[in-house]
Amino acid sequence: MPVDPATFAEALRQYAAGVCLLTVRDDIDDVGTTVSSVMSVSAQPPLVAVGLAAGGYPAEVLEEVGSCGLTVLAAEHAIVASRFSSAGRPSARHLLESVPWRRAEGSEAIVLEGGLAALDCRLERLVEAGDHVLALLEVTGVPVLARGGAPLVRLRGRYVDAAGEPAGRA
């Protein structure tokens, strides 16, 4: 008997996940999206996997450009995460007007200076996975490493801190 999609989604909402910002710089603009399906794959070579909506613009641009930045968001980045999870969002630079950021050396993608960590990545390949794709990314640099701070977490459809309390609104 197939699992009801609504029941499946509700079950996975019970799983707390860290929140990252994936950004890609192409010839025209900067594209970004909030992601919570990120996992470490390998230490040697350093690989991570990120889930993206199949056919979505971020996945399309990442495939075309072949590199990206991935920032692990801190609890105070709840507003940033919300901005980048909204449909029809403008350029990443416009959504980050009051947030300190810089460009990663290899990908030239935006990474947040106040993030807990940031990874500069090269796309190894995209793997089809139902209505999503898994982007397998080789980590080529770590431009930000904060060695502390509270992570932003997604739980039951809300952004919270590590204690499960509503995350800061900075």
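This text goes with the structure placed above it.
Parameters and conventions
- Starting afresh in each chain, residues are numbered from 1 along the sequence in its written order.
- With the structure being a predicted model, the display of local features is reserved for residues of pLDDT at least 70 and the display and counting of side-chain atom pairs for 80 or more, all residues being used for whole-chain, interface and lining totals.
- Excluded from the side-chain calculations are hydrogens and water; all other atoms, namely the structure's heavy atoms, are used.
- Counting from the N terminus, the helices are the DSSP runs of H or I reaching at least four residues and the strands are the DSSP runs of E reaching at least two.
- Throughout this description, buried means an accessible area under 20% of the type-specific maximum (1.4 Å probe, protein chains only), exposed means over 50%, and partly exposed covers the range between.
- Charge counting follows a simple rule: Lys and Arg are positive, Asp and Glu are negative, and His as well as the terminal groups are ignored.
- Every case where a carboxyl oxygen of Asp or Glu lies within 4 Å of a side-chain nitrogen of Lys or Arg is listed as a salt bridge.
- Under the rule applied, a polar contact is a pair of N or O atoms within 3.5 Å (in protein, one hydrogen donor and one hydrogen acceptor; residues adjacent in sequence only if both atoms are side-chain atoms).
- We call two residues in contact when some of their heavy atoms are within 4.5 Å.
- Patches in this entry comprise residues that are over 30% relatively accessible and not in a salt bridge; like charges within 9 Å are linked, as are nonpolar side chains (Val, Leu, Ile, Met, Phe, Trp, Tyr) within 5 Å.
- Every accessible area reported is derived by Shrake-Rupley at a probe size of 1.4 Å, with residue values counting cover from the shown protein chains alone.
- For Phe, Tyr and Trp, where Trp contributes only its six-membered ring, two rings pair if their centres lie within 6.5 Å, and the inter-plane angle classes them as stacked under 30 degrees, edge-to-face over 60, or tilted in between.
- Comment: the charge-over-ring label is applied if NZ (Lys) or CZ (Arg) is within 6 Å of the ring centre and within 35 degrees of the ring normal.
- Strand pairing follows a simple DSSP-based rule, namely that at least 2 bridges must link the two strands.
- What is meant by a nonpolar core is a set of buried Ala, Val, Leu, Ile, Met, Phe, Trp, Tyr and Cys residues, joined one to another through side-chain atoms within 4.5 Å.

(A) Examining the side chain of aspartate 26 more closely. With respect to the helices, strands and loops of the structure, aspartate 26 is situated in the loop between β2 (20-25) and β3 (30-35). Among buried charged residues, aspartate 26 stands out as having no salt bridge; its nearest opposite-charge side chain is arginine 25, 7.2 Å away. At a separation of 2.8 Å, a polar atom in the side chain of aspartate 26 contacts the main-chain amide nitrogen of isoleucine 28. Here the side chain of aspartate 26 touches aspartate 29 through a polar contact of 2.7 Å, landing on its backbone nitrogen. The residues touching aspartate 26, leaving out its near neighbours within four places in the chain, are Tyr57, Val61 and Val65.

(B) Structural view of a nonpolar patch on the surface. Where nonpolar side chains cluster on the molecular surface, the patch consists of Val3, Phe8 and Leu12 and spans about 320 Å² of accessible area. Topologically, leucine 12 is positioned in helix α1 (residues 5-12). Since its relative accessible area comes to 49%, leucine 12 is described here as partly exposed.

(C) Molecular detail of the packing of aromatic side chains. Under the counting rule described, the total for this entry stands at zero aromatic pairs. A cation over a ring is seen here: arginine 154 above tyrosine 159, with NZ or CZ 4.6 Å from the ring centre.

(D) Region of the structure containing the pairing of strand β6 (residues 67-72). With respect to burial, β6 is a largely interior element, five of its six residues being buried. In this structure, β2 lies alongside β6, joined through four bridges in antiparallel fashion. Residue leucine 21 lies in a different strand from β6, and its bridge partner there is threonine 71. Direction of pairing for β6 relative to strand β9 (residues 117-129): antiparallel, over a ladder of six bridges. Bridge pairing links threonine 71 to alanine 118 in β9.

(E) Quick look at the nonpolar core. Counting residues in hydrophobic clusters, the biggest one holds 20 residues, and the most contacted among them are Leu52, Leu62, Leu70 and Leu137. At the level of secondary structure, the elements contributing two or more residues to this core comprise β2, β3, β5 (46-53), α2 (57-65), β6, β9 and β10 (132-145). Take this core: its biggest share by element is four residues, from β10. If near-sequence neighbours (up to four positions away) are discounted, leucine 52 is found in contact with Thr33, Val35, Ala59, Leu62, His132, Val133 and Ala135. With 16 residues, the next largest nonpolar core counts Phe84, Ile110, Leu112 and Tyr159 among its residues.

(F) Quick peek at the pattern of salt bridges. This model, assessed by the stated rule, comprises eight salt bridges. As a salt-bridge pair, arginine 13 and glutamate 10 come within 3.5 Å of each other at their nearest N and O atoms. Residue arginine 13 is classed as partly exposed on the basis of its relative accessible area, which comes to 38%. The class for glutamate 10 is partly exposed, based on a relative accessible area of 43%. Of the charged contacts in the structure, one is a salt bridge between glutamate 124 and arginine 125, with a shortest N-O distance of 3.8 Å.

Function-wise, these values are silent; they only describe arrangement.
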